[in-house]
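# Structural overview
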Amino acid sequence: MRFKFKGLTVAALALTLGMSAAGCGDSDSGGGENDKSITIGMVSGWAEGEAATQLWKRLLTDKGYKVEVKTLDTGPLYAGMSKGDVDLFLDSWLPGTHEDYWKQYGDKLEKVGAWYDSAPLTIAVPDYSPLQSLEDLKGKGDQYGGKIVGIEKSSGLYRVSQEKMLPAYGLQDEYKVTTSSTAAMLTELKKAIDAKKDIVVTLWRPHWAYAKFPIRDLKDPKGAMGKPDAIYTVARKDFAKDQPDVAGWLKKFKMDDAKLGTLEDLMENKYKGNPDQAVDEWLKQNQSYATSLTG
């Protein structure tokens, strides 16, 4: 009888704990609509994505959410979203730049909304460069060390520059798009400009570098860099169902060059390494806008 009583007690306790766990799952875990934990993926060095991510981290935190930001390369980030390990990514360039990732993972993801309408990929040079067009690179490979300074190999920008732009202009035998990181590319750009040396880099708009450095885009008469993308917020499958409030706020999210540029400048220059301070200062000047997003 004692053994049987203990068994009943254990069974009852297990049932009670199971009911408690189920109840907690509704509010604290499991991705339900009352779950207050959100993971946002971010690619390091992509200024517009860093700005948007840190802004929404603050906005959601102020609404009582627990927000974790995971810094990943582009490929692992999309893969993580497809598995449900990452909830959101605010820097998805579609339909062109991230086309390969969307083909691979898109059926396991959902578009929440586009927050920046026209974002072109570019090849940029200092203002003092004699180059005016991508056509002008022909026959000058030796002058530029045979390289166009690129960013992460996993980026769509690298793929478009190396695999589409170079062949379109007959440059594949003279140039190679180098890969490193966005930060390393910007460091090379600054060093070249400070020394008044020629350099060609892969870039994109919007980017704070256009305000910081005397640079301009090379004309692309063949359209090899593709049509401008929109910048989307994308999410794991069923995110909008699980987080209807957050999805609704993000659908309203739009930024123009002035708002985005000022936030990028604060984050990348004045408060480098201290995104919370950058967001603090930016919100003082844009509080009504921020309130409208989550109001």
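Details of the structure are given in the entry above.
Reference entry: report on the structure contained in this document. Nothing here was measured: the structure is a model prediction, and the numbers come from that model. (Residues numbered from 1 in each chain as written. Predicted model: local features only at pLDDT ≥ 70, side-chain atom pairs only at ≥ 80, totals over all residues. Heavy atoms only, no water.)

Take the sheet that holds strand 10 (residues 229-236) next. Spatial ordering of the open sheet is given by 2-1-3-10-4, a layout of 5 strands whose pairing is mixed. Here the strands that pair on one side only, and so sit at the sheet edges, are strand 2 (66-71) and strand 4 (109-119). Mean inter-strand twist for the sheet, computed between neighbouring axes without regard to direction, equals 30 degrees. In the packing of helix 9 (residues 244-252) onto the sheet, the strands contacted are strand 1 (37-42), strand 3 (88-94), strand 4 and strand 10, and the crossing angle to strand 4 comes to about 20 degrees. (Pairing = 2+ DSSP bridges. Helix = DSSP H or I, 4+ residues; strand = E, 2+ residues; numbered from the N terminus. Axes fitted to C-alpha atoms, helices over the stretch in contact; angles between N-to-C directions. Contact = heavy atoms within 4.5 Å.)

Another point: the pairing of strand 8 (residues 201-204). What you see with strand 8 is no split at all: Val201 and Leu203 on one side and Thr202 and Trp204 on the other are buried throughout. In this sheet, strand 8 lies alongside strand 5 (residues 121-126) in antiparallel orientation, the contact comprising 4 bridges. Its bridge partner being in strand 8, isoleucine 123 is matched across the sheet by threonine 202. (Buried < 20%, exposed > 50% of the residue type's maximum accessible area, 1.4 Å probe, protein only.)

All right, on to the packing of aromatic side chains then. Evaluated as defined, the whole model comprises 8 aromatic pairs. Their ring planes at 70 degrees and their centres at 6.4 Å tell us that tryptophan 115 and tyrosine 116 sit as a pair that is edge-to-face. You can call tyrosine 116 buried: its relative accessible area is 9%. For tryptophan 115, a relative accessible area of 1% translates into the label buried. Taken together through their ring pairs, the aromatic side chains of Trp56, Trp115, Tyr116 and Phe253 make up a single cluster. It is lysine 36 that lies over the ring of tyrosine 65; its NZ or CZ is 3.9 Å from the centre. When the ring centre of tyrosine 232 is taken as reference, the NZ or CZ atom of lysine 111 above it lies at 5.1 Å. (Phe/Tyr/Trp six-rings, centres within 6.5 Å; stacked < 30°, edge-to-face > 60°. Lys NZ or Arg CZ within 6 Å of the ring centre and 35° of its normal.)

Here we take up unusual backbone geometry. A cis amide bond links leucine 94 with the next residue in sequence, proline 95, at an omega value of 10 degrees. On the secondary structure map, proline 95 appears in the loop between strand 3 and helix 4 (99-105). At the junction of arginine 205 and proline 206, the peptide bond is cis and its omega measures out at 10 degrees in the coordinates. Looking at the element boundaries, proline 206 is found in the loop between strand 8 and helix 7 (209-212). Its identity as a non-glycine residue notwithstanding, aspartate 238 has a phi of 75 degrees, on the positive side. Position of aspartate 238 relative to the elements: it lies in the loop between strand 10 and helix 8 (239-242).

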